[in-house]
Amino acid sequence: MRYLLFKTILIAAALLAAPVTSCKCIIPPTVENSLSDETITDSYRVHVKKEIHPKHAPDGYIYYTARVKRVFKGKLRLPSERILIKTPAHSCGYRLQEETIFLLFLSEEKEELKKGLSTFSIQACDANKQFEDISEEERKALRAFRKGHVYIDGKDQEKFPNN
């Protein structure tokens, strides 16, 4: 009887100690959804350089330095401007391969962990991916958005057509 009680308590403790993070997205991430998401301040094609460990950085995050290659959404930046990317270290975070080009949907942080570098965070349910994996339809959506248009049902349309 004591053994059964001990085993039950042990199982309950293990279940309570397990992390409760969920990586499932309500809506599957697409380039179009991520571009239209108002909580995302920036969308860049970036060249991820390397993982770094800034002093005084909070635990639970991975940081990467990157160079901006193209701006699709957000504040214009100089070509090759260096930025700092922050992603959660837990299972819902992104592991970015060094020396690789990515399309990233980012939100600018107020903190500056490395002098002279703006810090951006990545969220789990955005269409972040290696740039070489972007489909032709997604490329069309990026070009349309960059021109100030929207891309609906495979067609480039002005956001505010002249009436």
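Residues numbered from 1 in each chain as written. Predicted model: local features only at pLDDT ≥ 70, side-chain atom pairs only at ≥ 80, totals over all residues. Heavy atoms only, no water.

Student: For this particular structure, what's the right way to read the overall build of the protein chain?
Tutor: Helix and strand content of the protein chain: three helices and eight strands. The order of helices and strands in the protein chain, counted from the N terminus, is α-α-β-β-β-β-β-β-α-β-β. Expressed as a percentage of the 163 residues in the protein chain, the buried residues total 36%. Counting contacts in the protein chain only where the partners sit at least 6 residues apart, residues at least 24 apart contribute 61% of the total. Just so you have it, the protein chain exposes about 10,900 Å², and 55% of that area is on carbon and sulfur atoms. (Helix = DSSP H or I, 4+ residues; strand = E, 2+ residues; numbered from the N terminus. Buried < 20%, exposed > 50% of the residue type's maximum accessible area, 1.4 Å probe, protein only. Contact = heavy atoms within 4.5 Å. Areas by Shrake-Rupley, 256 points an atom, 1.4 Å probe, with all protein chains shown as cover.)

Student: Even after reading the chapter, I still don't get the state of the cysteines, so can you show me in this structure?
Tutor: Scanning the entire structure with this criterion turns up one disulfide. Disulfide partner of Cys 25: Cys 125, at an S-S distance of 2.0 Å. On the S-S bond that ties Cys 25 to Cys 125, the torsion sits near -95°, and the link is left-handed. Placement of Cys 25 in the loop between helix H1 (2–17) and helix H2 (31–36) and of Cys 125 in the loop between strand E5 (118–122) and strand E6 (129–130) is noted, with a sequence separation of 100 residues between them. (Disulfide = S-S within 2.5 Å.)

Student: What is the right way to read the pattern of salt bridges from this model?
Tutor: Scanning all chains against the criterion turns up eight salt bridges. Between Lys 129 and Glu 138 there is a salt bridge, with its nearest N and O atoms 2.9 Å apart. Exposure remark for Glu 138: the relative accessible area of 13% places this residue in the buried category. The partner of Lys 140 in a salt bridge is Glu 137, with the nearest N and O atoms 3.9 Å apart. (Salt bridge = Lys/Arg side-chain N within 4 Å of Asp/Glu carboxyl O.)

Student: Help me understand the side chain of Ser 118 in this model?
Tutor: Locating Ser 118 in the fold gives a position in strand E5. For Ser 118, a relative accessible area of 19% gives the class buried. What Ser 118 contacts, discounting residues up to four positions off in sequence, is Arg 77, Ile 83, Leu 84 and Glu 108.

Student: Would you take a moment to explain the pairing of strand E4 (residues 100–108) for this structure?
Tutor: Within E4, seven of the nine residues are buried, leaving the element largely enclosed by the surrounding structure. Here strand E1 (residues 42–52) runs beside E4; their pairing, made up of seven bridges, is antiparallel. Paired with Val 48 across the bridge in E4 is Thr 100. Judged from the two bridges that link them, E4 and E6 form a sheet pairing that is antiparallel. From the neighbouring strand, Phe 102 faces E6, where its bridge partner is Gln 130. With three bridges joining them, E4 and E5 adopt antiparallel strand pairing. Within E5, the residue paired with Leu 106 across the bridge is Ile 122. (Pairing = 2+ DSSP bridges.)

Student: Looking at this structure, I do not really get the packing of aromatic side chains. What am I missing?
Tutor: Each aromatic ring pair is specified by the distance between its two centres and by the angle formed by the two planes. The tally for this structure, following the rule as stated, stands at one aromatic pair. Here the guanidinium or amino end of Arg 45 rests over the ring plane of Phe 131, the centre of that ring lying 5.0 Å away. Above the ring of Tyr 61, the side-chain terminus of Lys 86 is found at 4.4 Å from the ring centroid. (Phe/Tyr/Trp six-rings, centres within 6.5 Å; stacked < 30°, edge-to-face > 60°. Lys NZ or Arg CZ within 6 Å of the ring centre and 35° of its normal.)

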